[in-house]
Amino acid sequence: MLAWSRRSSPSRSKNLAFSSRKKRSLAMIPPFPSTSTRFHILPSSSSFSSLLPNLTIITTTKSFIPTMSFSLSSSSSPSPSITDPKEDSNDHKLSQVLKYHNQTKHSFSRYSRGPRGLDWANQPNPFRRFVSAPLLPLLHYPTENQTPTIEAPPYSSLFLSLPPPKPISKSTISQFFYDSLALSAWKTTGFSTWSLRVNPSSGNLHPTEAYLISPPIESVSGSGFVAHYAPKEHGLEIRAEIPSGFFPRFFSEKTFLVGLSSIFWREAWKYGERAFRYCNHDVGHAIAAVSVAAAAIGWDVKLLDGLGYEDLKKLMGLEVYPEFQIPSRSIKGKLPLIEFEHPDCVLAVFPSGVGGFDVNYEELSSAVAEFSKLEWKGKPNLLSKEHICWDIIHRSAEAVKKPIEIENRFIADPFQSSGLCSEEAYKRFTVREIVRKRRSAVDMDGVTVMERSTFYQIMLHCLPSGSGNGEKQKRQMTLPFRALSWDTEVHAALFVHRVQGLPQGLYFLVRNEDHFSELKKSMRPGFKWGKPECCPDELPLYELDIGDYRLLSQRLSCHQEIASHGCFSLGMIAHFEPVLREQVWMYPRLFWETGVLGQVLYLEAHAVGLSATGIGCYFDDPVHEVLGIKESNFQSLYHFTVGGPVLDKRIMSLPAYPGPGNDA
């Protein structure tokens, strides 16, 4: 099947009559037999190389390996797997992760395994609720006709400096969620209605859930508490009260926590085995959305990454879910336990200017262990009646569970401003206007041209270490990358199609300059690695090859025209196996980093009057072949496109709140 581009199209819109071209972009395609007109075999060296301007491709002809169908048991209760005595060894975990990554690659000859059609009767409910937990409504804010002020800062200003921090209150917490994880609109056409959110999601399926762990807030709770954020209602479901000494003991004043979790089933319903990748893209998008919303209030955000998986589970109250026993194979049936939430991360949110604070993770973990004894309120609602369990997703999630790191230090680097070469490119929109009006493009017009200075400006905002500080690009110190706790591991291979003053061709943005030599060694020896004309000195952007890459970029992105019809598209290239050999639990974090970068591209595109969309479906190894990557030192983890959008006038927009009466 194809996991198509990340967009705001309806998952429920069975009755929407899209044009034939849009059907190709939006449909979910199962694996096809080799006789199908839509089944693509890896081209021969002559046909594939003809798509590559000025490059010679050596393709080894391989025998066709058909996609095998498999039986799905109708059993309603999964069989527990036999425990391997080497289960906890690092080698075993790394082997599992590499197996997952390679097995879920798309290629010209086969797509990653997925369902052979959409089971509409069992589409997961996109809204988790905790039945009987008290719901506290939050405040709403205007989006239209905002005048940039210190209270409503212009979007581009956040990349230069943050406004003075505001205190934690019901008002600021409401604003924080309203501009990060809330609904942004409803869409309707014919008999179909669906919701959109501020944070994007693959297939608009939204596997990511959010939790607020906070000290007392006036008009919210007189004690510290844990709450689940309910985006449809824009409210907090109060799940538990926590001991009064918890926050003063471990955190600086005016700090609260945001936990993120994933429901794998929501993505797997449509995308099958590849869903684990997409869930982690979405975690990255959510981290960036939270960071930008916090920045507008003068707050900083940083992963509290010393805690382990079990700590996060207790902190967010996710022990409410019974332990899911992984079956020995993929099965189908009534599997309500598969709807559990996998705890991904916890973010500390605190006033900007605080350089970090000492966190004793050993003592914090002991205190969090006591959360198991709290009185937790609410029972999670059921999302689907029947399910399919793709066992490899859950085995891989087990392999990347992060242990506690007692020696981990919580450090917030000083805020670094991003480079500025074309302030006039931005339209003086406020932060709220950009984040709440962000949409995923369904199609690009193939006409819109971007100015070179605008392209360079977008690239400057994609850099992790800022500009003008003498630092090489490596440490993540700019907005929103500073929320991440590791040095940059993700780069960008760019297909430039329609940028005025910049030749069409293949370019590369080096986001960690310590990788430069290894990248050059790993990629094609014939690449130029020259600086483009008028490129800012502080921008490590390199021209690799000049030529028309439009058709090739389309072919590589599962034949989707949206990859070739924009101003540029790109593949995010991560430093891969060497990172995993050091810490296998970095696997999902590499995808988080691509999601953060993708969110910047979304916001940048809208800020300059264009649009964007993430592309989860691409042919992994053919992308590597184009770049000359033969080993697993670097891997492509996410694709993106930016350009002039085509709007479907048949789809009507409705306000996010109060919204229509029916669910989406």
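Here is a short report on the structure shown in this document. Note that the structure is a prediction, hence the values are computed from the model and not measured.

1. Here we look at the sheet that holds strand E3 (residues 135-137)
Taking strand neighbours across the sheet as the criterion, the seven strands line up as E3-E8-E7-E6-E9-E12-E10 in an open arrangement whose pairing is antiparallel. Taken across any chain shown, the strands that pair with only one partner, and hence form the sheet edges, are E3 and strand E10 (299-303). Across the sheet, the axes of successive neighbouring strands diverge by a mean angle of 30°, strand direction being ignored. The sheet contact formed by strand E6 (residues 208-214) and strand E9 (residues 256-262) spans six bridges and is antiparallel.

2. Quick look at the pairing of strand E20 (residues 568-575)
A large share of E20 lies buried, amounting to eight of its eight residues. Residues Phe 568, Leu 570, Met 572 and Ala 574 point to one face of E20 and Ser 569, Gly 571, Ile 573 and His 575 to the other, with burial holding for every one of them. Here eight bridges tie E20 to strand E22 (residues 634-643), and the two strands are oriented antiparallel to one another. Paired with Ile 573 across the two strands is Ser 636, which belongs to E22.

3. Brief notes about helix H16 (residues 586-607)
Taking 1.5 Å of rise per residue, 22 residues should cover 32 Å, and H16 covers 31 Å from first to last C-alpha, within 8% of that figure. Following H16 by one or two positions, Gly 609 has its phi on the positive side, about 90°.

4. Notes on the packing of aromatic side chains
Summed over all chains, the structure comprises 38 aromatic pairs. Ring geometry for Phe 576 and Tyr 587: centres 6.1 Å apart, planes at 70°, overall edge-to-face. With Phe 576 in the loop between E20 and helix H15 (577-582) and Tyr 587 in helix H16, this pair connects stretches of sequence that are eleven residues apart. Across this residue pair, the class does not change: Phe 576 and Tyr 587 are buried. Between the NZ or CZ atom of Arg 511 and the centre of the ring of Phe 481, over which it lies, the distance is 4.7 Å. A cation over a ring is seen here: Lys 531 above Tyr 542, with NZ or CZ 5.9 Å from the ring centre.

5. Here we look at the nonpolar core
With 190 residues, the main nonpolar core has Phe 176, Phe 246 and Phe 455 as its most contacted residues. The residues touching Phe 455, leaving out its near neighbours within four places in the chain, are Met 450, Leu 494, Val 496, Val 499, Leu 502, Leu 541 and Phe 568.

6. Examining empty space enclosed by the protein
Under the criterion given, the structure shown has ten cavities of 30 Å³ or more. If you trace the largest cavity, you find 16 residues lining it, with Tyr 309, Glu 323, Phe 324, Phe 340 and Glu 398 closest to the centre. For the lining of the largest cavity, the elements supplying multiple residues, two or more each, are helix H8 (309-315), strand E12 (342-351) and helix H10 (391-399). If you tally residues by element for the lining of the largest cavity, the top one is H10, at three residues. Considering only residue class, the lining of the largest cavity consists of nine nonpolar, two polar and five charged.

7. Remarks on the packing of helix H12 (residues 452-461) against H16
Close contact between H12 and H16 brings their axes to 10 Å; oriented N to C, the two are set at 145°. By crossing handedness, the relation of H12 to H16 is classed as right-handed. Along the contact surface, H12 presents Gln 457, Ile 458 and His 461, while H16 presents Val 600, Leu 601 and Glu 604. For the contact of H12 with H16, the residue count by class is three nonpolar, two polar and one charged.

8. Side note on the side chain of His 101
Mapped onto the elements, His 101 comes out in helix H3 (residues 90-103). His 101 sits in the buried class, given a relative accessible area of 1%. There is a polar contact of 3.3 Å between the side chain of His 101 and the side chain of Gln 635. In this structure His 101 touches Arg 277, Phe 576, Tyr 587, Phe 591, Gln 635 and Leu 637, once residues within four positions along its chain are discounted.

The rules we used
Residues numbered from 1 in each chain as written. Predicted model: local features only at pLDDT ≥ 70, side-chain atom pairs only at ≥ 80, totals over all residues. Heavy atoms only, no water. Pairing = 2+ DSSP bridges. Helix = DSSP H or I, 4+ residues; strand = E, 2+ residues; numbered from the N terminus. Axes fitted to C-alpha atoms, helices over the stretch in contact; angles between N-to-C directions. Buried < 20%, exposed > 50% of the residue type's maximum accessible area, 1.4 Å probe, protein only. Expected span 1.5 Å × (residues − 1). Phe/Tyr/Trp six-rings, centres within 6.5 Å; stacked < 30°, edge-to-face > 60°. Lys NZ or Arg CZ within 6 Å of the ring centre and 35° of its normal. Core = buried A, V, L, I, M, F, W, Y, C linked by side-chain atoms within 4.5 Å. Contact = heavy atoms within 4.5 Å. 1 Å grid on protein atoms, 1.4 Å probe; cavity = no way out; pocket = protein on both sides within 12 Å on 5 of 7 lines; lining within 4 Å. Points joined across faces, edges and corners; volume = space filled by probe spheres on them. Nonpolar A, V, L, I, M, F, W, Y, C, P; charged D, E, K, R; others polar. Left-handed = near helix turned anticlockwise from the far one by under 90°. Polar contact = N/O pair within 3.5 Å; in protein donor to acceptor, adjacent residues only side chain to side chain.

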